[in-house]
2 protein chains.
Amino acid sequence: MPTLPTDLTDMANVVINEATKHGKMIATAESCTGGLISSCLTAVAGSSTAFLCGFVTYANEAKTRLLGVPGDAITEFGAVSDIVAAAMAEGALAHSGADMAVAVTGVAGPGGGSADKPVGLVYLSLAESGTDAVIKRYVFAGTRDDVRRSTVGAALELILDRLREREDDDNQADD
Amino acid sequence: MPTLPTDLTDMANVVINEATKHGKMIATAESCTGGLISSCLTAVAGSSTAFLCGFVTYANEAKTRLLGVPGDAITEFGAVSDIVAAAMAEGALAHSGADMAVAVTGVAGPGGGSADKPVGLVYLSLAESGTDAVIKRYVFAGTRDDVRRSTVGAALELILDRLREREDDDNQADD
């Protein structure tokens, strides 16, 4: 039985291959997933061609200290917010020297939910130098484990979509 | 089927409970495990009482940039060495504000092994403020996945042993 689910490590394998092909180094910044995204990416043998580093900023003070997320933004909008997700992604980019960074912040549960921010609410953000960070909002169903697992899948998909868009752009540029 | 093996998340649960009891915040610095240790710790609901943050310093430049591991040490002793493991643990402590930090660097394979540093060679280090970092050397058998999984188990055990030693000390002090 592999340590991590094969559906996720298979997807991570595709991400590493695509990123390597495009010469892009990836960084991650994870709150509720706690390192699961980077675990999946580094499960791929030879992933050092495309994975640079990850920040597991579980505590709010770590989001500020390691990624430079403004404490005011956390106070005003909450750690689980579009603003903080984007600041985490941009901070990971700036503090790592990577070409692209994916960030995640969410309420994995079972505690910590509210009417405004229910268990399962997750924001993902993807940042690349020279462009504004993209932000996506999800509400995943299930247990803490289900929410974390769904989030990893969505994060890998977000990176892959961006790499493939780039490929489309490259192909058009060749026409 | 849970995302992470229950033997590891059960052990992580004990670590979080013990650390919480002792008021200790934990940081991680992971190379070959790529975030698996922090994934297991944060799989525990309520782990924010004892888990502060993690650094996934997969690339050598990330070990230097994020943790302050001297580039000279990596050149002279190699990224997989007792010296670098200890520098990672001490760097994680200094850069996070945590009370204790566990670091891991190893050759997970299947490539990257040599006569001196075979696949499966792993160094773990545990740092706490006010004491010298402890370093442990292992050679784990099996696949890349086996080596990573065994390393997570050893890292959790190393933290737990330290927390329990502390408990023994506390009990003796009470006598």
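For clarity, every value in this text was computed on a predicted model and none was experimentally measured. (Residues numbered from 1 in each chain as written. Chains lettered and ligands numbered in written order. Predicted model: local features only at pLDDT ≥ 70, side-chain atom pairs only at ≥ 80, totals over all residues. Heavy atoms only, no water.)

## Some words on the relation of the copies chain B and chain A
Here is step 1: Superposing chain B onto chain A takes a rotation of 180 degrees plus a shift of 0.0 Å along the axis, which leaves an RMSD of 0.0 Å. Such a combination of turn and shift is consistent with a two-fold rotation axis. Of the C-alpha atoms belonging to chain B, the one lying closest to the rotation axis is found on Gly35 of chain B, 2.2 Å away.
Here is step 2: Comparing interface residues between copies, 100% of those in chain B also lie at the interface in chain A; the contact surface is shared. (Least-squares fit on C-alpha atoms with pLDDT ≥ 70 in both. Contact = heavy atoms within 4.5 Å.)

## Let's talk about the pairing of strand β1 (residues 26–30) of chain B
All names here are of chain B.
Here is step 1: Extensive coverage of β1 is indicated by the burial of five of its five residues.
Here is step 2: Side chains Ile26, Thr28 and Glu30 project from β1 onto one buried face, and the interleaved Ala27 and Ala29 project onto a second face that is buried too.
Here is step 3: Here five bridges tie β1 to strand β2 (residues 51–57), and the two strands are oriented parallel to one another. When the bridges of β2 are listed, Ala27 appears paired with Cys53.
Here is step 4: At this point the chain moves from β1, through helix α2 (residues 36–42), to the parallel β2, and the crossover so formed is right-handed.
Here is step 5: As judged from the five bridges shared by β1 and strand β3 (residues 100–106), these two strands associate in the parallel manner. Looking across to β3, one finds that Ile26 is bridged to Met100. (Buried < 20%, exposed > 50% of the residue type's maximum accessible area, 1.4 Å probe, protein only. Helix = DSSP H or I, 4+ residues; strand = E, 2+ residues; numbered from the N terminus. Pairing = 2+ DSSP bridges. Right-handed = clockwise from strand over helix to strand, strands pointing away.)

## Digging into the packing of helix α3 (residues 60–67) of chain A against helix α5 (residues 82–96) of chain A
All names here are of chain A.
Here is step 1: Interhelical geometry of α3 versus α5 gives an angle of 35 degrees and a closest axis separation of 9 Å. Here Lys63, Leu66 and Leu67 of α3 lie close against α5, whose contacting residues are Val84, Ala87, Met88, Gly91, Ala92 and His95.
Here is step 2: Split by residue class, the contact of α3 with α5 holds six nonpolar, two polar and one charged. (Axes fitted to C-alpha atoms, helices over the stretch in contact; angles between N-to-C directions. Nonpolar A, V, L, I, M, F, W, Y, C, P; charged D, E, K, R; others polar.)

## Structural notes on the nonpolar core
Here is step 1: Core analysis: the largest hydrophobic core is formed by 68 residues, its most contacted members being Leu41 and Ile159 of chain A together with Leu41 and Ile159 of chain B.
Here is step 2: Ignoring sequence-local partners within four residues, the contact set of Leu41 of chain A consists of Ala12, Val15, Ile16, Ile26, Thr28, Ser47, Phe51 and Leu156 of chain A.
Here is step 3: Cys53 and Ala89 of chain A together with Ala59 and Leu93 of chain B belong to the second largest nonpolar core, which has 49 residues in total. (Core = buried A, V, L, I, M, F, W, Y, C linked by side-chain atoms within 4.5 Å.)

## Considering the packing of aromatic side chains
Here is step 1: Enumeration according to the criterion identifies four aromatic pairs over all chains in this entry.
Here is step 2: Ring centres of Phe51 of chain A and Tyr58 of chain B lie 5.8 Å apart, and the angle between their planes is 65 degrees; this geometry places the pair in the edge-to-face category. Of the two residues, Phe51 of chain A is situated in strand β2 (residues 51–57) and Tyr58 of chain B in the loop between β2 and α3 (60–67); the pairing between them involves two chains. Note on accessibility: Phe51 of chain A and Tyr58 of chain B belong to one class, buried. (Phe/Tyr/Trp six-rings, centres within 6.5 Å; stacked < 30°, edge-to-face > 60°.)

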